[in-house]
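# Coordinate analysis (summary)
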Amino acid sequence: MNSKKPKQPIVSHDFVFKERGKADVFTSKWSLRYLGMALVLFITSITPSFGQVSPPSWEQFIPEKQIIEWRRHMHAHPELSFQEYETSQYVEDILKTFDHIEVIRPTETSVLGILKGSKPGKTVAFRADIDGIPVLEDPTLHDFTSKNEGVSHTCGHDAHTALLLGTAATLSQLKDEISGTIYFIFQHAEEVPPGGAIDIVNSGKIDEVDAFFGMHIIPDFPVGHVGILPKIGSTTSDVFELTILGKGTHGSMPHLGIDPVVIGAEIVTSIQSHLTRQTPPDETTVVSIGKFQAGEVANVIPEKAELAATIRTSSQQTRELVEKSIKSTIENTVNSYGASYELDYQPGYPAIENDDSLNQLVRESATKVLGEAQVFDAPAMMASEDFANYRRIAPIAYFILGIGDGPANHNPAFNPDEASFTNGVRVQVQTLLDYLNQ
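Predicted model only: the values in this text are computed from it and were never measured.

Turning to helix α6 (residues 196-203), a few remarks are in order. Restricting attention to buried positions, one finds in α6 the residues Gly196, Ala197, Ile198, Ile200 and Val201. Of the residues trailing α6, glycine 204 is marked for its positive phi of about 80°.

You can see threonine 167 is positioned in helix α5 (residues 157-171). In this view, threonine 167 contacts Phe184, Val425, Gln428, Val429 and Leu432; residues no more than four positions away in its chain are not counted.

This part is about the sheet that holds strand β14 (residues 304-313). With antiparallel pairing, four strands are arranged side by side in an open sheet as β12-β14-β10-β15. Bordering the open sheet on either side are β12 (285-294) and β15 (340-349), each of which pairs with just one other strand. Geometrically, the sheet is characterised by an average inter-axis angle of 15° between neighbouring strands, direction not taken into account. The pairing of strand β10 (residues 237-245) with β15 spans nine bridges and is antiparallel. Residue pairing in the sheet places threonine 243 in a bridge with glutamate 342 of β15. Of the strands in this sheet, β10, β12 and β14 are in contact with helix α7 (residues 260-278), which crosses β12 at around 175°. Each of β10, β12, β14 and β15 is contacted by helix α8 (residues 316-336), which is oriented at about 170° to β15, the strand it contacts most.

For the chain, per-residue confidence averages 90 on the pLDDT scale, and residues scoring 70 or more make up 88% of the total. Per-residue pLDDT stays below 50 along residues 1-51; that stretch engages in 36 contacts with residues further than four places along the chain or on separate chains.

Below, the discussion takes up the packing of aromatic side chains. Enumeration according to the criterion identifies eight aromatic pairs in this entry. Between phenylalanine 126 and phenylalanine 399, the aromatic rings sit 6.1 Å apart at their centres with planes inclined by 80°, giving edge-to-face as the arrangement. Pair noted here: phenylalanine 126 is in strand β6 (residues 119-129) and phenylalanine 399 is in strand β17 (residues 396-402), with a separation of 273 residues, a long-range link. Exposure class is identical for phenylalanine 126 and phenylalanine 399. Each is buried.

Its 19 residues place the ends of α7 26 Å apart at the C-alpha level, agreeing with the 27 Å of an ideal helix rising 1.5 Å per residue. Taken residue by residue, α7 has Pro260, Ile263, Gly264, Ile267, Ser270, Ile271 and Leu275 as its buried positions. Looking at the packing, one finds that the buried side of α7 touches β10, β12, β13 (300-301), β14 and α8. Looking at where α7 begins, the residue whose side-chain oxygen comes 2.9 Å from the main-chain nitrogen of valine 261 is aspartate 259.

On to the nonpolar core, then. Counting 57 residues, the largest nonpolar core has Leu95, Phe98, Leu171, Ile182, Phe184, Phe186 and Phe213 as the members making the most contacts within it. Grouped together as the second largest cluster of nonpolar side chains are 25 residues, Val201, Ile218, Phe376 and Tyr390 included.

What counts and how
- Residues numbered from 1 in each chain as written.
- Predicted model: local features only at pLDDT ≥ 70, side-chain atom pairs only at ≥ 80, totals over all residues.
- Heavy atoms only, no water.
- Buried < 20%, exposed > 50% of the residue type's maximum accessible area, 1.4 Å probe, protein only.
- Helix = DSSP H or I, 4+ residues; strand = E, 2+ residues; numbered from the N terminus.
- Contact = heavy atoms within 4.5 Å.
- Pairing = 2+ DSSP bridges.
- Axes fitted to C-alpha atoms, helices over the stretch in contact; angles between N-to-C directions.
- pLDDT = per-residue confidence, 0-100.
- Phe/Tyr/Trp six-rings, centres within 6.5 Å; stacked < 30°, edge-to-face > 60°.
- Expected span 1.5 Å × (residues − 1).
- Polar contact = N/O pair within 3.5 Å; in protein donor to acceptor, adjacent residues only side chain to side chain.
- Core = buried A, V, L, I, M, F, W, Y, C linked by side-chain atoms within 4.5 Å.

Listed below in structure tokens is the structure:
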């Protein structure tokens, strides 16, 4: 993380007064005292313009208290992907209380707010995801813990939604300053491939959008600081599920069966070793076998073994290479033992490819409202995000908001610092205004 602090000005002034043709440099102690006081007052008066950022005029419209209330309500009532019926209705009801915003439903459990400015211009969108995840939350964190057992907002989508509602509320008061149209996308099912973004893209409701922006809250970065992701901002995300079909037998007579456990173990190690020699070393390639299940008792070789894995790569070319390598490794290994298999290789989300000009716009907008010291270059995310699918329509830019030290997203103890939220709204509002007013 690189955080640049703006340089403070060096103020140097020479005071020389001429009296009766002679230079007088204020040598008396009283004159020096008054001069010092004047110099301090002068420096004090100009320093804020260098070291601080004046709040924008529209900041008075940010509903800070309501943002916290909205977030906490959603946090207590999470819903899984494709099941966000109450969440989407809650969002719709809030949006309808704002001035000048039309509300439509691009899918059954997503919401789209549309704000048309008083002047013509481009169309821009900001997206928030609204689904929860199947993680049991730590019940000791706060008094608004999830009421839906086994489901929680431990990824931060409740905050994303509340922040975008805050952005919509603020911009709804600025219709006369807006040139163009703003779409507020409250998207379902980010967590489960194929994801909700592709549903909204295919709905035809956002075809007119010229640029998409999105933001994710991330721990271990300073509270309220904004991170600009690189051009390739995330990895791709694919999954495979494999069933190896062997031949069961007694553990003391392995020659009479075909052991799917041994085959599976060889596949696990072969995939890892093969990929280290097939993929470029400067390309991100991570294959993690998260499931390996077989058998019931110690003395029986089972009929089958089941494996599942997640695959992350940083480019489409490497993604295709890895898929080809994994499929070849599985086929050759299984065949060499005389077994059979069933493979379900599921393509997930593409990598986020940020547009350079939009990335720069976010950086300038964030600097404008936060100051250079609170804007930093963030490393690419190893996580995947279906926000990448909006690039099928128009260029995208995705960035992060720091929420302080704490457990990672998807951890049962994930707990963002709510003090970061106002800065998130400020950057979202400024980015949208700057894009339309280019």
